[in-house]
Amino acid sequence: MMRRLLAGVIVFGVIGVAVQLTAQKPVTSGRTICVPYDPARLYIEEVGSTGTWRLSRGDGAIFKVFADREDAEAGLAVAREHTQLCYIGKSNTRPNRLNYIMEYWK
């Protein structure tokens, strides 16, 4: 698992991404958008009986959706080491726009 986590810090088994901006406003700088959060409030939970897991930030906002619990726990460990989830390219308008969005933890 550690090798997979280190090799894919940005993706690490994500099957989907959803960010809901509620209480904390994103910080925008040029083409970069960063969503601040309190690492102590992060948690993971199973999505119904689908076998997928989501990482939430405590105020109802969903940061990531993972294929299984192991990946969700690894994602939670990475996210707890940071205070912002940032994106480059979210405003692109390409037909396959998800291929041109990079995310990183700050």
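Everything numeric in this text was worked out from a predicted model, so none of it was measured.

Draft legend 1. Highlighting the pattern of salt bridges. Per the counting criterion, the structure on display carries 4 salt bridges. Between Arg 54 and Glu 45 there is a salt bridge, with its nearest N and O atoms 2.8 Å apart. Given the relative accessible area of 25%, Arg 54 is considered partly exposed.

Draft legend 2. Here's a closer look at the environment of Glu 73. Along the chain, the position of Glu 73 falls in helix α2 (residues 69-79). Distance in space between the C-alpha atoms of Glu 73 and Glu 45 is 9.9 Å, their sequence separation being 28 residues.

Draft legend 3. Here's a closer look at the pairing of strand β4 (residues 43-46). In the sheet, β4 pairs with strand β5 (residues 53-56) via 4 bridges, with the strands oriented antiparallel. Counterpart to Glu 45 in the pairing with β5 is Arg 54. Counted along the chain from β4 to the antiparallel partner β5, the turn is 6 residues long, and its residue Gly 48 has a positive phi close to 55°.

Draft legend 4. Quick peek at α2. Taken together, the buried positions of α2 are occupied by Asp 71, Ala 72, Ala 74, Gly 75, Leu 76, Val 78 and Ala 79. With a side-chain oxygen lying 3.2 Å from the backbone nitrogen of Glu 70, the N-terminal cap of α2 falls on Asp 68.

Draft legend 5. The arrangement of the packing of aromatic side chains in detail. Tallied over the entire structure, the rule returns 3 aromatic pairs. Ring geometry for Tyr 37 and Phe 63: centres 5.0 Å apart, planes at 75°, overall edge-to-face. Here Tyr 37, found in the loop between β3 (32-36) and β4, pairs with Phe 63, found in strand β6 (residues 62-66); they are 26 residues apart in sequence, far enough to count as distant. No difference in accessibility class separates Tyr 37 from Phe 63, as the two residues are buried. Pairing Tyr 37 with Trp 105 gives two aromatic rings, centres 6.1 Å apart and planes at 85°, and the pair type is edge-to-face. Of the two residues, Tyr 37 is situated in the loop between β3 and β4 and Trp 105 in strand β8 (residues 102-105); the sequence distance between them amounts to 68 residues. Note on Tyr 37: relative accessible area 4%, which makes it buried. Three or more aromatic residues link up through ring pairs in this structure, and these residues are Tyr 37, Phe 63 and Trp 105.

Draft legend 6. Geometry of the pairing of β5. Pairing of β5 with β6, which is carried by 4 bridges, proceeds in the antiparallel orientation. Bridging across to β6, Trp 53 finds its partner in Phe 66. Hairpin connection, β5 to β6: the antiparallel pair is bridged by 5 residues, and Gly 58 has positive phi, about 100°.

Draft legend 7. Molecular detail of the confidence of the model for the protein chain. Averaged over the protein chain, the pLDDT score is 79; the fraction of residues at 70 or greater is 73%. Within the protein chain, the lowest mean pLDDT, 36, falls on helix α1 (residues 2-7), and the highest, 96, falls on α2. Within the model, the stretch residues 1-23 combines pLDDT values under 50 with 53 contacts to residues more than four positions away or in other chains.

Criteria and cut-off values
- Residues numbered from 1 in each chain as written.
- Predicted model: local features only at pLDDT ≥ 70, side-chain atom pairs only at ≥ 80, totals over all residues.
- Heavy atoms only, no water.
- Salt bridge = Lys/Arg side-chain N within 4 Å of Asp/Glu carboxyl O.
- Buried < 20%, exposed > 50% of the residue type's maximum accessible area, 1.4 Å probe, protein only.
- Helix = DSSP H or I, 4+ residues; strand = E, 2+ residues; numbered from the N terminus.
- Pairing = 2+ DSSP bridges.
- Polar contact = N/O pair within 3.5 Å; in protein donor to acceptor, adjacent residues only side chain to side chain.
- Phe/Tyr/Trp six-rings, centres within 6.5 Å; stacked < 30°, edge-to-face > 60°.
- pLDDT = per-residue confidence, 0-100.
- Contact = heavy atoms within 4.5 Å.

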